[in-house]
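# Tertiary structure, described
Take a look at the letters that make up each chain.
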Amino acid sequence: MKKITLVLSLVLFTIVGAFAQIEKPVTWSYVAKKVSKTEAVLYIKASIDDKWHIYSQNVKSGGPVKTTFAFTPSKDYALVGKTAEPKAITKYENTFKMNVSYFEDQVIFQQRIKLNKSTTAVKGKVEFMTCNDRECLPPEEVEFSIPVK
């Protein structure tokens, strides 16, 4: 009897595990475009599933985790200014009891760099938080490497 219970339990957990999905409502893509021999613009695009959103870089403390970019220092390039973003949607979110700025569908962040070498790879990571009208997923970090040619 114990063996039957054990086998049935294992089968049940295997089936449940097979149907459990890790939600990944945001995918990231990257491209660099040279604007001169010594400057380039990095385009960092978040494609966001329907009914989900990610937060702006400009969220006040006490709210959700804002999107942040951390670029790995290199002698090959220097950052010019801060990472730019388009105008975000700003609405009151009851969860955080404050106005928050966020993006739906897709957003393209831009970072200018000064090149000290004609070709390089800009490496770093983006941290962001994804929510919908029912839940928020834990903050996530994604590493990137953007070739500049």
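Everything that follows concerns the structure shown earlier in this document.
Everything numeric in this text was worked out from a predicted model, so none of it was measured.

### Regarding the nonpolar core
One finds Trp28, Ile48, Ile54, Phe69, Phe71, Phe109 and Ile113 to be the most contacted residues of the largest nonpolar core, which totals 26 residues. Elements with a minimum of two residues in this core: β1 (26-34), β2 (39-48), β4 (68-71), β8 (106-115), β9 (120-128) and β11 (140-148). With five residues, β2 is the largest single contributor of residues to this core. Apart from residues lying up to four places away in sequence, isoleucine 54 is in contact with Val26, Trp28, Ala46, Ile48, Thr67, Tyr102, Phe103, Val107, Phe109, Phe128, Met129 and Thr130.

### As for the sheet that holds strand β7 (residues 98-103)
Strand order in the open sheet formed by four strands is β6-β7-β3-β10, and the pairing between neighbours is antiparallel. Either end of the sheet is taken by a strand with one partner, and the two such strands are β6 (89-93) and β10 (130-131). Sheet topology places strand β3 (residues 53-55) next to β10; two bridges connect them, and they run antiparallel. Bridged to isoleucine 54 within β10 is threonine 130.

Thresholds applied
- Residues numbered from 1 in each chain as written.
- Predicted model: local features only at pLDDT ≥ 70, side-chain atom pairs only at ≥ 80, totals over all residues.
- Heavy atoms only, no water.
- Core = buried A, V, L, I, M, F, W, Y, C linked by side-chain atoms within 4.5 Å.
- Buried < 20%, exposed > 50% of the residue type's maximum accessible area, 1.4 Å probe, protein only.
- Helix = DSSP H or I, 4+ residues; strand = E, 2+ residues; numbered from the N terminus.
- Contact = heavy atoms within 4.5 Å.
- Pairing = 2+ DSSP bridges.

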